[in-house]
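Here are the chains, one letter per residue:
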Amino acid sequence: MRFTQLKTVSLAVAAALVLAACGNKEGGAADASGASAEAAGGNVVKLGFAAPLTGPQAHYGEEYKNGVTLAIEDANAEKPVIDGKPVSFELVAEDDQADPKTATQIAQKFVDAKVSGIIGHFNSGTSIPASKIYSDANLPQIAMATAPQFTQQGFKTTFRSMTSDTQQGSVMGKFVVEKLGAKRIVIVDDRTAYGQGLADEFEKSVKAAGGEVVKREFTTDKATDFAAILTSIKGANPDIIFYGGADAQSAPMAKQMKRLGIKAPLVSGEMTKTPTFLKLAGKEADGSIASLAGLPLEQMPKGPDYAQRYKARFNMDVATYSPYGYDATRAMIQAMKEANSTDPTKYLPVLAKINYSGVTSSSWAYDDKGDLKDGGITVYKVVNGEWTVMETVGGRAAAPAADASAPAASAAQ
């Protein structure tokens, strides 16, 4: 009996070892680079990433994630050494579904997993509640969030990948009044932190420039039928209609505006300046105007090269957000190199003072709040089904911006 028991135990141990070996083999692509660093006596450095990867905003999150993925692959190809040891960076990606509650759960999960930094979240409504958890853990976070509140909380761990709504809204408010000649303006927002924040800043700028907001309405980030709102708006006879929100709403809104005979163009922010908007709105997209933080891709310091490498890696064109995700990741890694440490408490002060030459800017640097210092805004218009540049304000271009005088004049019609 005793011999049988020992034999059974031995077989169980052997089976466990086999299973453990199989488990290591099934770790996936994300684990492969880390294993090689450990084998060489180095460290695997995990970077957390969160964005909507399912649902109506998944196209934003996937493109954003692609930029982060490419940055990590490029960094690992350079065989980085930090604190005398080879380092391999590993992406730990989570789907926050653009939901604030899910985002806070993921944030705590990242803290518990002891990741070394956070790229994300994407939405302001998820980034803001998650930022408190990261701040309490002294964990650096570079988010795509553009709502002013994100960097106004006084946290030392919050940084942006793009210019804030304060910058973007103020540029667009002045633009529609002074460049498009709009006097009567209607504003609609989706009540999210991003949409309402952008609309609020836009309204302030319109009034400061001498324009009149004749009506302000709101909807939700789940709505697709805007007949009631647009019928009410039509009676106000606006020169332009500004929408603060995503393309899942702005595209059907643009279609319904045309069908109701509303002549005013739709004006919106960067979540509308996407290929998805063009696809969803179809021919009714023509004449729509949107702003986007930063320079046009072809004018970014390393934009053309990035576009080629991105297409080769992912078999698709750059949409909107991936270059900013790429630069955010590379800036964080650069801070670790300069601090000679992957410890968040040690590289955080270096990140706050970083001056990184990236794809989107030749001088990626932060002010004392975590806002980008060198933030430009570009205004685009849909012409014949394509986004075309109207005007670029600020930023450091690799080439002169296109002449916006002719398109701007036609946009006012």
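You'll find the structure just up there.
In this text the structure is predicted, and so the values were computed from the model without any measurement.

Criteria and cut-off values
- Residues numbered from 1 in each chain as written.
- Predicted model: local features only at pLDDT ≥ 70, side-chain atom pairs only at ≥ 80, totals over all residues.
- Heavy atoms only, no water.
- Helix = DSSP H or I, 4+ residues; strand = E, 2+ residues; numbered from the N terminus.
- Buried < 20%, exposed > 50% of the residue type's maximum accessible area, 1.4 Å probe, protein only.
- Contact = heavy atoms within 4.5 Å.
- Areas by Shrake-Rupley, 256 points an atom, 1.4 Å probe, with all protein chains shown as cover.
- Phe/Tyr/Trp six-rings, centres within 6.5 Å; stacked < 30°, edge-to-face > 60°.
- Expected span 1.5 Å × (residues − 1).
- Pairing = 2+ DSSP bridges.
- Axes fitted to C-alpha atoms, helices over the stretch in contact; angles between N-to-C directions.
- Left-handed = near helix turned anticlockwise from the far one by under 90°.
- Nonpolar A, V, L, I, M, F, W, Y, C, P; charged D, E, K, R; others polar.
- Polar contact = N/O pair within 3.5 Å; in protein donor to acceptor, adjacent residues only side chain to side chain.
- Bend = angle between axes of the 7 residues up to and from the residue.
- Core = buried A, V, L, I, M, F, W, Y, C linked by side-chain atoms within 4.5 Å.
- Salt bridge = Lys/Arg side-chain N within 4 Å of Asp/Glu carboxyl O.

Once that is clear, we can look at the overall build of the protein. Across its full length, the protein holds 14 helices and 13 strands. Burial status across the protein gives 53% buried among its 413 residues. Pairs at least 24 apart in sequence give 66% of the contacts found in the protein among residues at least 6 apart. If you sum the accessible surface of the protein, you get close to 17700 Å²; carbon and sulfur atoms cover 53% of it.

With that settled, the discussion passes to the packing of aromatic side chains. Evaluated as defined, the whole model comprises 12 aromatic pairs. Arranged with centres 5.7 Å apart and planes meeting at 35°, the rings of phenylalanine 277 and tryptophan 387 form a pair that is tilted. Note that phenylalanine 277 is positioned in helix α10 (residues 275–281) and tryptophan 387 in strand β13 (residues 386–393), a separation of 110 residues in sequence. With respect to class, phenylalanine 277 is no different from tryptophan 387; both count as buried. Considering the side-chain rings of tyrosine 306 and tyrosine 310, the 5.8 Å spacing of their centres and the 35° angle between planes classify their relative orientation as tilted. Residue tyrosine 306 and its partner tyrosine 310 are both found in helix α11 (residues 303–314); the two are separated by 4 residues, about one turn of the helix. Residue classification places tyrosine 306 among the buried residues on the basis of a relative accessible area of 1%. Ring pairs connect the aromatic residues Phe49, Tyr60, Tyr64, Phe122 and Tyr321, which therefore count as one cluster.

Next up on the list: helix α3 (residues 58–77). Between its first and last C-alpha, α3 extends 28 Å over 20 residues, near the 28 Å set by a 1.5 Å rise per residue. Of the residues trailing α3, lysine 79 is marked for its positive phi of about 50°.

Once that is clear, we can look at the pairing of strand β12 (residues 377–383). In terms of burial, β12 is a largely internal element, 6 of the 7 residues being buried. In terms of strand pairing, β12 meets β13 through 7 bridges, oriented antiparallel. Bridge pairing links valine 379 to glutamate 391 in β13. Remark: 2 residues form the turn of the hairpin made by β12 and β13, two consecutive strands paired antiparallel; asparagine 384 in that turn has positive phi of roughly 55°.

This part covers the sheet that holds β13. Taken in spatial order, the 7 strands of this open sheet run β8-β7-β9-β10-β11-β12-β13, and their pairing is mixed. Every interior strand has two partners, whereas the edge strands, β8 (212–218) and β13, have only one. When the angles between neighbouring strand axes are averaged without regard to direction, this sheet yields 25°. In terms of strand pairing, strand β11 (residues 289–293) meets β12 through 5 bridges, oriented antiparallel. By the bridge assignment for β12, isoleucine 289 is matched with lysine 381.

Let us now look at the packing of helix α4 (residues 100–112) against helix α5 (residues 124–136). Between α4 and α5, the least distance of the axes is 8 Å, while the angle of their chain directions is 30°. Two packed elements cross with a definite hand, and for α4 against α5 that hand is right-handed. Here α4 contributes Pro100, Ala103, Thr104, Ala107, Gln108, Phe110 and Val111 to the contact with α5, which in turn contributes Gly125, Thr126, Pro129, Ala130, Ile133 and Tyr134. Considered class by class, the residues forming the contact of α4 with α5 number 9 nonpolar, 4 polar and no charged.

What follows concerns the environment of lysine 234. Relative to the helices and strands, lysine 234 is located in helix α8 (residues 227–234). The class of lysine 234 is partly exposed, set by a relative accessible area of 44%. Expressed as a C-alpha distance, the spacing of lysine 234 and lysine 263, which sit 29 residues apart in the sequence, is 9.0 Å. With residues near it in sequence (within four places) discarded, lysine 234 still touches Leu260, Gly261 and Ile262.

Note that serine 288 resides in the loop between α10 and β11. For serine 288, the side chain forms a polar contact with the main-chain oxygen of alanine 285, separated by 2.9 Å. Once you skip the residues sitting within four places of it in the chain, serine 288 turns out to touch Ala254, Leu266, Phe277, Tyr380, Lys381, Val382 and Trp387.

Attention now moves to the side chain of serine 131. Along the polypeptide, serine 131 turns up in helix α5. Since its relative accessible area comes to 0%, serine 131 is described here as buried. At 3.0 Å, the side chain of serine 131 and the side chain of glutamine 153 are in polar contact.

With that out of the way, let us pick up α5. For α5, with 13 residues, the first-to-last C-alpha span of 19 Å sits near the 18 Å given by 1.5 Å per residue. Residue alanine 130 marks the point of greatest curvature in α5, where the axis turns by about 30°. Here α5 has its buried residues at Ser124, Thr126, Ser127, Ile128, Ala130, Ser131, Ile133, Tyr134 and Ser135. Just past α5, the residue asparagine 138 takes up positive phi, approximately 60°.

By size, the foremost hydrophobic cluster in this structure holds 98 residues, and its most contacted members are Tyr64, Phe89, Val176, Ile185, Phe202, Ile241 and Phe277. Among the elements that make up this core, the one with the highest residue count is helix α12 (residues 322–339) (8 residues). Ile118, Ala130, Tyr134 and Leu139 belong to the second-largest nonpolar core, a separate cluster that totals 10 residues.

Scanning the model with the defined rule gives 19 salt bridges in all. Here glutamate 391 and lysine 179 are joined by a salt bridge, their closest N and O atoms 2.7 Å apart. Of this pair, glutamate 391 sits in strand β13 while lysine 179 is found in the loop between α6 (165–178) and β7 (184–189), placing the two residues 212 residues apart along the sequence. Residue lysine 179 is classed as partly exposed on the basis of its relative accessible area, which comes to 40%. The salt bridge involving glutamate 284 is made with lysine 255; its shortest N-O contact spans 3.5 Å.

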